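Examination of the molecular architecture
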Amino acid sequence: MATNLSEDLTKQLKMQIQQFTPSVTVQTVGEVLEIGDGIARVSGLPNIRSQELVEFANGTQGVAFNLEADEVGVIIMGKYADISEGSQVTALGRVISVPVSENMIGRVIDPLGNSLDGKGPITATDYFPIERIAPGVVERRNVHRPLQTGIMAIDAITPIGRGQRELIIGDHQTGKTAITIDTIINQHDMGVICIYVAIGQKLAQIARVVATLEKHGAMEHTIVLIASAADSATLQYLAPYAGCAIGEFFMEQGRDALVIYDDLSKHAWAYRQVSLLLRRPPGREAYPGDVFYLHSRLLERAAQLSEERGGGSLTALPIIETLLGDVSAYIPTNVISITDGQIYLESDLFYAGIRPAINIGLSVSRVGGDAQHQAMKMVASRLRLDMAQYRSLTAFAQFGSGLDKTAQAQLDRGMRLTELLKQPQYEPMPVATQVLVLYAGTRGYLDHIPITRVREWKIAFLQYISNQHAEIIAELNKKLALDDDIEKRLQTIIQEFMAIWN
């Protein structure tokens, strides 16, 4: 019996040996020369590519950042305390990419696509490299569709189009993030997928943003990507590129995506940190010489694709924080020159109670009326003129010089329009409602209302319209134009309301 078992075992072993086909895999393995502060210097990786992933002996991954003659500078994307000199480093043969999927909508993730919200792992359908060449001129078409923020001062005076890059710039605590949150909330039922990229912020602050989005039902169309102040400079550097790649995934499906980078000042700080640790030559303000390219190659990826490419769009809203209103600093001037306009928030206006604290004189959109519906364009042209006259007259009024009757009337209207443009946080307004309010303001119906009661008038007027004349809102939403018939009916409605309002 024992002999039979031994023969059977021998046969099985012979069969397994015959069926075995040896496979040879070639791996490029290097050695850590120096490690510390989130970077490693590695030798023995002669054929490695820029942005290629490497893996250390403890399983932590890194990115080849500096390619030098005898060694490679690697930025580490995780814990490095147990990596030591002499440890093995393996080149993985692929550039850094981020998992992309429809399943990411409504989730909170890190720059590597890992879930941070405790709702389990996210199944990826594809991988997009975080660094991609921006679409060429032939692949694009002009920006022609509005991205409604729900904020009157923006939608009317500095409109944002789908595929545009509009900078939001201002001092600390002037309402920059609030504008972007309102914009995300307003995209409900608009078909826009929003990606909010938080760079270098406190986790408590990010938690408040996520809670606000959940409260207003905005997480249904939003992805929150986090590289907080507690994360490494490497992850903070990679975060906006990862967010942009996720946005491109939706854009290439023919859909509309919005990416908010909050903020690129901290992104530049993170890039400066890793660059100085890798001994790249410092330039102005200790930033490396390619800091302009850092942001230009990111923001150029925002586009309105042509119909041949599917017609999708990727809109970018970068945020830059200034110090004491200094827009002439290095990073602010760089990003201003890259983007298609800027919304400038002023701390003096903020503390004066004008919120959103948008300086209309310094804010500009280089897309302009191309990204506005006809109805909004019609009221916005009058609004711009009235506000420009108001700004020029306030300078004279400050000196106490006498103003004639016409100038005083223009000054009074400007003050009422300023009051009309004030808007509570987290209450974005539909475009039809904005048109109705601005029409009344620019046509002089508020000229005899006390300034302190303008807000009260606005609330009562909108309530009257929604209760008594909801059909005109529906018609405006459908036509998105102010024809003669709608305008006459609107004038009659305003006159009826003014007769009963006190």
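The structure under discussion appears in the preceding block.
Residues numbered from 1 in each chain as written. Predicted model: local features only at pLDDT ≥ 70, side-chain atom pairs only at ≥ 80, totals over all residues. Heavy atoms only, no water.

Let us now look at the overall build of the chain. A count of helices and strands for the chain gives 15 helices and 17 strands. Taken along the three principal axes of its C-alpha coordinates, the chain extends 115 × 55 × 45 Å. Per-residue burial over the chain gives 53% buried out of 502 residues. For the chain, the share of sequence-separated contacts (at least 6 apart) that also reach a separation of at least 24 residues comes to 74%. Of the accessible surface of the chain, which amounts to about 23,000 Å², a share of 53% is contributed by carbon and sulfur atoms. Taken together, the 45 basic and 56 acidic charged side chains of the chain have centroids lying 4 Å from each other. (Helix = DSSP H or I, 4+ residues; strand = E, 2+ residues; numbered from the N terminus. Buried < 20%, exposed > 50% of the residue type's maximum accessible area, 1.4 Å probe, protein only. Contact = heavy atoms within 4.5 Å. Areas by Shrake-Rupley, 256 points an atom, 1.4 Å probe, with all protein chains shown as cover. Lys, Arg positive; Asp, Glu negative; His and termini not counted. Charge placed at Lys NZ, Arg CZ, Asp CG, Glu CD.)

Right, let's talk about the pattern of salt bridges for a bit. Under the counting rule described, the total for this entry stands at 27 salt bridges. Here E248 and R132 are joined by a salt bridge, their closest N and O atoms 3.4 Å apart. Separated by 116 residues along the polypeptide, E248 in helix α5 (residues 233-251) and R132 in the loop between β9 (126-129) and α2 (152-157) bring together distant segments of the chain. For R132, a relative accessible area of 25% puts it in the partly exposed group. Taking the shortest distance from any N to any O, the salt bridge between D386 and R413 comes out at 3.8 Å. Taken as a pair, D386 in helix α10 (residues 374-398) and R413 in helix α11 (residues 405-421) lie far apart in primary sequence, 27 residues in all. The exposure class of D386 is buried, given its relative accessible area of 9%. Within the structure, one salt-bridge network assembled from shared partners comprises R132, E139, E248, E252, R301 and R309. (Salt bridge = Lys/Arg side-chain N within 4 Å of Asp/Glu carboxyl O.)

Taken together, L9, L13 and I17 make up a surface patch of nonpolar side chains, about 320 Å² in accessible area. In this fold, L9 is placed in helix α1 (residues 2-19). (Patch = residues over 30% accessible without salt bridge, like charges linked within 9 Å, V, L, I, M, F, W, Y side chains within 5 Å.)

Turning our attention to unusual backbone geometry. Of note, the amide linkage connecting D262 to D263 takes the cis form, showing an omega dihedral of -5 degrees. Inspection of the secondary structure assignment puts D263 in the loop between β13 (256-262) and α6 (264-277). Along the chain, R355 connects to P356 via a cis peptide bond; the corresponding omega equals 0 degrees. Positionally, P356 belongs in the loop between α9 (347-351) and β17 (364-365).

Our focus in this paragraph is the sheet that holds strand β2 (residues 39-43). The strands making up a sheet associate through backbone hydrogen bonding, with each pair oriented either parallel or antiparallel. Spatial ordering of the closed barrel is given by β1-β2-β5-β4-β3-β6, a layout of six strands whose pairing is antiparallel. With strand direction ignored, the average angle separating the axes of adjacent strands in the sheet is 45 degrees. Note that strand β1 (residues 29-36) and β2 share five bridges and pair antiparallel. By the bridge assignment, E34 is partnered in β2 with R41. Lying over the sheet, α6 contacts β2, β4 (61-67) and β5 (72-76), oriented at roughly 70 degrees with respect to β4. (Pairing = 2+ DSSP bridges. Axes fitted to C-alpha atoms, helices over the stretch in contact; angles between N-to-C directions.)

Among the nonpolar cores identified, the biggest contains 63 residues, and I246 and Y261 are the most heavily contacted of them. The element that contributes the greatest number of residues to this core is α5, accounting for 13 residues. Filtering out sequence-adjacent residues up to four positions away, Y261 remains in contact with V197, P240, C244, L298, L299, A316, L317, P318 and I319. Residues V437, L446, W457 and I465 belong to the second largest nonpolar core, which totals 43 residues. (Core = buried A, V, L, I, M, F, W, Y, C linked by side-chain atoms within 4.5 Å.)

Turning our eyes to something else, we now look at the packing of helix α14 (residues 470-479) against helix α15 (residues 484-500). At a minimum axis separation of 11 Å, α14 and α15 run at an interaxial angle of 150 degrees. Classed by the angle they form, the pair α14 and α15 counts as roughly antiparallel. Two packed elements cross with a definite hand, and for α14 against α15 that hand is left-handed. Judged by residue contacts, E471, I472, E475 and K479 of α14 engage D485, I486, R489, L490 and I493 from α15. Split into classes, the residues belonging to the contact of α14 with α15 amount to four nonpolar, no polar and five charged. (Parallel < 35°, antiparallel > 145°, perpendicular 65-115°, else oblique. Left-handed = near helix turned anticlockwise from the far one by under 90°. Nonpolar A, V, L, I, M, F, W, Y, C, P; charged D, E, K, R; others polar.)

Here we take up the pairing of strand β16 (residues 341-345). Of all five residues that make up β16, five are buried, and the element is covered over most of its length. With burial as the criterion, each face of β16 is covered, one bearing G341, I343 and L345 and the other bearing Q342 and Y344. Where strand β10 (residues 167-170) meets β16, four bridges bridge the pair, whose relative direction is parallel. When the bridges of β16 are listed, I169 appears paired with Y344. Where β16 lies against β17, two bridges are found, and the strand directions are antiparallel. Considered in β17, the bridge of G341 is made with S365.

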